Amino acid sequence: MPKTTKKKNLSTTRPSVPYVRGFHPPTAEKCLEAIGSTPRFDKAYTPSDSFFPPLPHPTSIDDWLAQYKESGQTYKLFLEECPWLSRRKRKYSKAAFNSSGKTLQEKYPDAKIYLLPLGEFDGVSTPRFSDLAEYAHRFFCLSVEILPPVKLTTVGKSVFWEETDDGRSRISKGKAVRRSARPSKYELESRFNATTGHTQLKVESILRKLRLNIPDDAICVMALTMADLFDTPPDLFVAGMAAGNQRVGVFSFCRYDPTLQFSSEFWYEIFQASSVGAEERKRLILQRSCKLLVHKIAHLLGVDHCIWYSCCMNGSGHLLEDFRQSMHLCPVDLRKLQTLCGFDGRGGQVPRSLGVL
């Protein structure tokens, strides 16, 4: 994510920007090798410029592949690396396990993706949480459950994680277990700017809390928030962070509002952007949020950044690059998720994602 030491306009584009030193875009032959042999679903995984366009070339010096050299993860490498496909039970997981299963659902038949609302989601200036859960369910064809919300309360310059009455239940083996009836408050690490009144929360302090509240049957727990986040002092912001081995992550949609513009130099400066109609604003926030959500969950499922085609698993170096990236998976990553999640690859992606956007 961008650092405050960068004093250039992140939106500046140039007609010809080279890839980072040492990165060479894969040839068409290498891309086909990355997909691997697909005798059953040849049509579903056949690249075409209309549905599976090639990897975008950098247009800004801040673009992902203008800054980072990535080797790429082929389908074969995914099978070797993915912990959810191992015959051994995933470390830290307490879910029922069937070593002979072929897909994630067969290996962990009761497992779910849990989403935690962290702070306010009003469905007007924020995406509706039920829409986010529905999209994740359709995208992965896995069970998705919404946990009781956690309030973020501000006292002076401090921000507190405050569990509601329902939120004080910890889920264990699918059943709610009541804890103390006393209000539960936990101060999160944060930074505050008195001039603008803007606050950012430190991601690690949220991850620490999430690690203590993982349901036994969780594939992962993703806290989603409209609060702005940072990791280290030089950061302008981070979209979020995941701790893969602990199966937890937190991600922010704060900077996905098209009515806002953010400084490329100071983390605390926010400006009103050009007017956007109410319906278009809701559509863009939902679209951008859904794309971030499934991108990050896919990482926790073992899918790395994609260098093969235009794909929702491409990396991004800044917000404008993030916004223009595809909502869809490329043939390589589509095949990875088909193998992991067990959906029918012959129907492509469309039936999995219709009905939300």
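Keep in mind that this is a model prediction, so the values were computed, not measured. (Residues numbered from 1 in each chain as written. Predicted model: local features only at pLDDT ≥ 70, side-chain atom pairs only at ≥ 80, totals over all residues. Heavy atoms only, no water.)

Draft legend 1. Fine view of the side chain of Q73. Here Q73 is to be found in the loop between α2 (64–67) and α3 (75–81). We classify Q73 as buried; its relative accessible area is 1%. Polar contacts involving the side chain of Q73 include one to the side chain of E81, which spans 3.1 Å. Here Q73 is in contact with F78, E81, G302, V303, D304, H305, W308, V332 and K336, once residues within four sequence places are set aside. (Helix = DSSP H or I, 4+ residues; strand = E, 2+ residues; numbered from the N terminus. Buried < 20%, exposed > 50% of the residue type's maximum accessible area, 1.4 Å probe, protein only. Polar contact = N/O pair within 3.5 Å; in protein donor to acceptor, adjacent residues only side chain to side chain. Contact = heavy atoms within 4.5 Å.)

Draft legend 2. A look at helix α9 (residues 331–341). Of all the 11 residues making up α9, 11 are buried; the element is thus mostly covered by neighbouring parts of the structure. Within the sequence span of α9, burial applies to P331, V332, D333, L334, R335, K336, L337, Q338, T339, L340 and C341.

Draft legend 3. Structural detail: the pattern of salt bridges. Under the defined criterion, the tally for this structure stands at 11 salt bridges. For the salt bridge of R208 with E189, the shortest nitrogen-to-oxygen distance reads 2.5 Å. One end of the pair, R208, is in helix α6 (residues 203–211); the other, E189, is in the loop between β7 (184–188) and β8 (190–192), with 19 residues separating them in the sequence. In this structure R208 comes out as partly exposed when scored by relative accessible area, which is 35%. (Salt bridge = Lys/Arg side-chain N within 4 Å of Asp/Glu carboxyl O.)

Draft legend 4. Inspection of the pairing of strand β1 (residues 112–118) at higher detail. Burial runs high along β1: 6 of the 7 residues are buried. In the sheet, β1 pairs with strand β10 (residues 218–225) via 7 bridges, with the strands oriented parallel. Its bridge partner lying in β10, P117 is registered against L224. When β1 meets strand β2 (residues 144–146), the two strands line up parallel, connected through 3 bridges. Among the inter-strand pairings, Y114 is bridged to a residue of β2, identified as E145. Handedness of the crossover is the feature at issue here: the chain leaves β1, passes through helix α5 (residues 129–140), returns alongside β2, and the resulting connection is right-handed. (Pairing = 2+ DSSP bridges. Right-handed = clockwise from strand over helix to strand, strands pointing away.)

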